[in-house]
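# Structural description and commentary
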Amino acid sequence: MLTDTPGLHHVTGIVGDAQEAIDFYAGVLGLRLVTQTVNYEDILQHHLYFGDAAGSPGTVLTQFPDPHADPGRIGRPQVASVSFVVPADAIEYWQARLGSRDIAVEGPLERFDERVLRFEDPVGTQLEFVAGPVVDTDDNIVPWTAGPVSEDSAVHGIHGVSLLSVNPYSTASTLETLGFEHEAEYENRIRYRASGTRATAIDILDREAPFGREGPGTLHHVAVRVDGEDDLYEWHDLFAERDYDVSRVKDRHFFHSLYVREPGGVLFELATETDGVAASGETGRPGESLYLPDRFEDDRDLIESQLPELTVPAGADRQR
Ligand code: ZN
């Protein structure tokens, strides 16, 4: 029996330079670089995981740096933006912190009953900070406070994503199949909500947009949480029955998952719940060295020689 997803697992995007991404997401936003590994489909490319102290599902943004790619274009069908939860009284702090680094900030805007700051990463990825009475709070999330941002202001995981679909009705139907429920509408935004306590919001944007192009500055997919590997096989069969474009179940080392492109064109991943995606748990310094699953360990020298050396900025990972 398939159960509803409780919320998002992670969001994955494409950036340009890996060090620039670390300097921004760890050094400015104060997320923990929980794991530095390689793209398991292309081991000569980095894959960076940012999140809370443990890399808990529902807090994780991952980025594939692709320094030689042409810039992407945000458009249909894509994940258009990702939003993060910040404490209600931290909005002004973030406005000042981002502003002092010459990052253009729009807001605070009022949306539903939330306050929202909109800004971009160095390659144009659309990001938001959201605060408000109904944003998720979950005791399992342990914000990263050994970085440059104090506990009062630290990011508390993902709030949700906004989607640009080529067929909003189909995308809405897919969300309902996964267990999201229609919650509210605000201007051209239709909000769906999962039943859990972490990363539960998905907004479908009902507006015209050009066709998107994959590349730095765009978000590649959004992953939702499922209980275990068995559920993935059941979901696989359900999507296959509906003729959705669905992948086989894959071993992502930290979790198992499958990918499904729904008829609205948005790429979803279904990923199994885990305690975290930090390569060696909450201790150690997993983000500072390249982590490889056993099957790639024999090729470590070759892999490392092909990848740029990365450093975690001072203050972003300074103490346990
Ligand atoms: Zn993913």
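Right, let's talk about the coordination of the zinc ion for a bit. Looking at the metal site, the zinc ion is ligated by H10 (NE2), H221 (NE2) and E269 (OE), spaced 2.0 to 2.1 Å from it. Between consecutive donor residues of the zinc ion, the sequence gaps follow H-x210-H-x47-E. Of this pair, H10 sits in strand β1 (residues 8–15) while H221 sits in strand β13 (residues 218–226); the two residues are 211 residues apart in sequence, bridging distant segments of the chain. A relative accessible area of 4% places H221 in the buried class.

Here the structure, examined in full by the defined rule, presents 13 salt bridges. A salt bridge links K250 to E41; the shortest N-O distance between them is 3.6 Å. Taken together, the residues K250 in strand β15 (residues 250–251) and E41 in the loop between β2 (32–39) and β3 (42–51) connect sequence positions 209 residues apart. Take E41: its relative accessible area is 54%, and that puts it in the exposed class.

With that out of the way, let us pick up helix α4 (residues 229–241). The terminal C-alpha atoms of α4, which comprises 13 residues, lie 19 Å apart, in line with the 18 Å expected from a rise of 1.5 Å per residue. Along α4, the residues classified as buried are D231, L232, W235 and F239. One side of α4 carries all its buried residues, which in axial view fall inside an arc of 100°. Pointing more than 90 degrees away from the buried face of α4 are the exposed residues D230 and E241. Of the surrounding elements, those touching the buried residues of α4 are α3 (168–178), β13, β14 (245–246), β16 (256–261) and β17 (267–272). Among the residues trailing α4, D243 stands out with phi positive, at a value near 65°.

Before going further, it helps to spend a moment on the pairing of β13. Look at any regular strand and the pattern is simple: side chains alternate between the two faces of the sheet. Within β13, 8 of the 9 residues are buried, leaving the element largely enclosed by the surrounding structure. Note that β1 and β13 share 6 bridges and pair antiparallel. Counterpart to L8 in the pairing with β13 is V224. Relative to β17, β13 runs parallel, the two sharing 5 bridges. Bridge assignment links V222 to a residue of β17, and that residue is F268.

What follows covers the nonpolar core. Judged by nonpolar contacts, the single largest core of 63 residues is most densely connected at L8, L29, W94 and L270. Here the element with the most residues in this core is helix α1 (residues 18–28); it accounts for 7 residues.

Looking at the element boundaries, R191 is found in strand β11 (residues 189–193). In contact with R191, not counting residues within four places along its chain, are R111, F112, E114, H159, E181, H182, E183, A184, A201, I202 and D203.

Definitions and cut-offs
- Residues numbered from 1 in each chain as written.
- Predicted model: local features only at pLDDT ≥ 70, side-chain atom pairs only at ≥ 80, totals over all residues.
- Heavy atoms only, no water.
- Donors = N, O, S within 2.8 Å, 3.2 Å for Na, K, Ca; no water.
- Helix = DSSP H or I, 4+ residues; strand = E, 2+ residues; numbered from the N terminus.
- Buried < 20%, exposed > 50% of the residue type's maximum accessible area, 1.4 Å probe, protein only.
- Salt bridge = Lys/Arg side-chain N within 4 Å of Asp/Glu carboxyl O.
- Expected span 1.5 Å × (residues − 1).
- Arc of directions from axis to C-beta.
- Contact = heavy atoms within 4.5 Å.
- Pairing = 2+ DSSP bridges.
- Core = buried A, V, L, I, M, F, W, Y, C linked by side-chain atoms within 4.5 Å.

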